[in-house]
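Structural features, examined
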Amino acid sequence: MGRLQDKVAIITGAANGIGLEAAVTFVKEGAKVVLADFDVEAGKKSEQELTSQGYDVVFEQVNVANRESVDHLVEQAVNRFGGIDILVNNAGITRDAMLSKMTVDQFKQVIDVNLTGVFHCTQAVLPQLIERGKGKVINTSSVSGTYGNMGQSNYAAAKAGLIGLTKTWAKELGRKNVNVNAVAPGFTNTAMVETVPDHVIEALVKQVPMGRLGEPSDIAKAYLYLASDDSDYVNGHVLHVDGGIMM
Ligand code: CAA
Ligand code: NAI
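Here the structure is a predicted model, which is why all the values come from computation and not from measurement.

Within the structure, ligand 1 sits among 20 residues, and Asp96, Ser142, Gln152, Tyr155 and His199 are positioned closest to it. Within the side chain of Lys101, one N or O atom sits 2.8 Å away from an oxygen atom of ligand 1. For ligand 1, an oxygen atom lies 2.6 Å from a polar atom in the side chain of Tyr155. Summarising the interface, the protein chains cover 64% of the accessible area of ligand 1, which totals 980 Å² for the free molecule. Going through the elements one at a time, helix 5 (143-147) and helix 7 (198-206) are the ones with two or more residues in the shell around ligand 1. Across the shell around ligand 1, the residue classes tally to 10 nonpolar, 8 polar and 2 charged.

The end-to-end C-alpha separation of helix 3 (residues 67-81) is 21 Å, in line with the 21 Å expected for 15 residues at 1.5 Å each. The complete set of buried residues in helix 3 reads Ser69, Val70, Leu73, Val74, Ala77 and Phe81. The buried residues of helix 3 occupy an angular sector of 140° when the element is viewed end-on, so they sit on one face. Exposed and facing more than 90 degrees away from the buried side of helix 3 are Glu68 and Asn79. Buried-residue contacts for helix 3 involve strand 1 (8-12), strand 2 (32-37), strand 3 (57-61) and helix 4 (104-132). Between the side-chain oxygen at the start of helix 3 and the backbone nitrogen of Glu68 there is a gap of 2.9 Å, and the oxygen is on Asn66.

Reading the values: the criteria
- Residues numbered from 1 in each chain as written.
- Chains lettered and ligands numbered in written order.
- Predicted model: local features only at pLDDT ≥ 70, side-chain atom pairs only at ≥ 80, totals over all residues.
- Heavy atoms only, no water.
- Near = heavy atom within 4 Å.
- Polar contact = N/O pair within 3.5 Å; in protein donor to acceptor, adjacent residues only side chain to side chain.
- Areas by Shrake-Rupley, 256 points an atom, 1.4 Å probe, with all protein chains shown as cover.
- Helix = DSSP H or I, 4+ residues; strand = E, 2+ residues; numbered from the N terminus.
- Nonpolar A, V, L, I, M, F, W, Y, C, P; charged D, E, K, R; others polar.
- Expected span 1.5 Å × (residues − 1).
- Buried < 20%, exposed > 50% of the residue type's maximum accessible area, 1.4 Å probe, protein only.
- Arc of directions from axis to C-beta.
- Contact = heavy atoms within 4.5 Å.

Quick look at the structure:
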């Protein structure tokens, strides 16, 4: 028996990076996974790879910033798998610029995807979790949301906002047996950090007691814990998976 045997999980942003690694981790533990992502090409490729290995996954294109698109995703997931047990709100974008240069569009785009998108997905999935009598919601925050980061006013605001949502929903939904927690990754080796100048990365790594960037698997294992029965009494928690960068 896997740790997520026969559970149905929607993972947003699962076509690439941390989300894809989480999907691989979840299916190996017996879950059925909806790979929900904007990126059709990568999503279809990931679906094909996992399906060819005998795992029960499906790709659904979604723009988490768009409510109709999210409602459609949930409908498709329920049609395919009969319900939903786990939601991982992992999709995210950056539009970095210093405050003096950030455009209103850059600010809004990041809030729409990284904050409002999580509101859309959780609100749309919630009735399904309640119907199952048990559910898990995992929100992906960031070291930038908990401690701030130069060049990320929009992103830090959204990721800090997710902590407010996490704690509020933990209070609202605990009585429905739905746990809501957040993972706050440090800088992790995916396409997202490729935009960061090399000298900034070098300086950051020097601040990490573990002496390296995070790997997607470091974060996926934290998602697994919070998605599994092992964390049934963990609620409203922000799990920092950052090698101890900020202490
Ligand atoms: N931490 C520390 N110093 C930083 C920094 C950071 N994150 N970002 C920029 N700086 C420093 C630069 O080294 C530079 O210092 P000097 O003047 O001493 O050379 C100064 O700030 C100004 O930076 P730029 O010259 O690069 O200014 P710019 O206007 O051309 O570009 C920027 C600004 C777009 C923000 C660019 O610096 C940048 O991309 N910085 C990295 C931002 C970053 O860390 N993003 C994280 C992406 S990964 C992610 O988001 C995942 C997550 O959750 C952590
Ligand atoms: P990534 O860029 O590799 O993957 C993000 C995925 O989200 C992509 O597949 C992208 O297509 C998808 N996505 C973007 N906008 C979307 C939308 N509107 N609707 C649906 N899907 C959308 O990035 P990574 O690193 O895997 O990021 C995953 C999560 O982890 C994000 O929320 C990110 O903010 C967070 N994070 C990442 C860190 C890092 O250093 N890589 C550090 C801390 C947090």
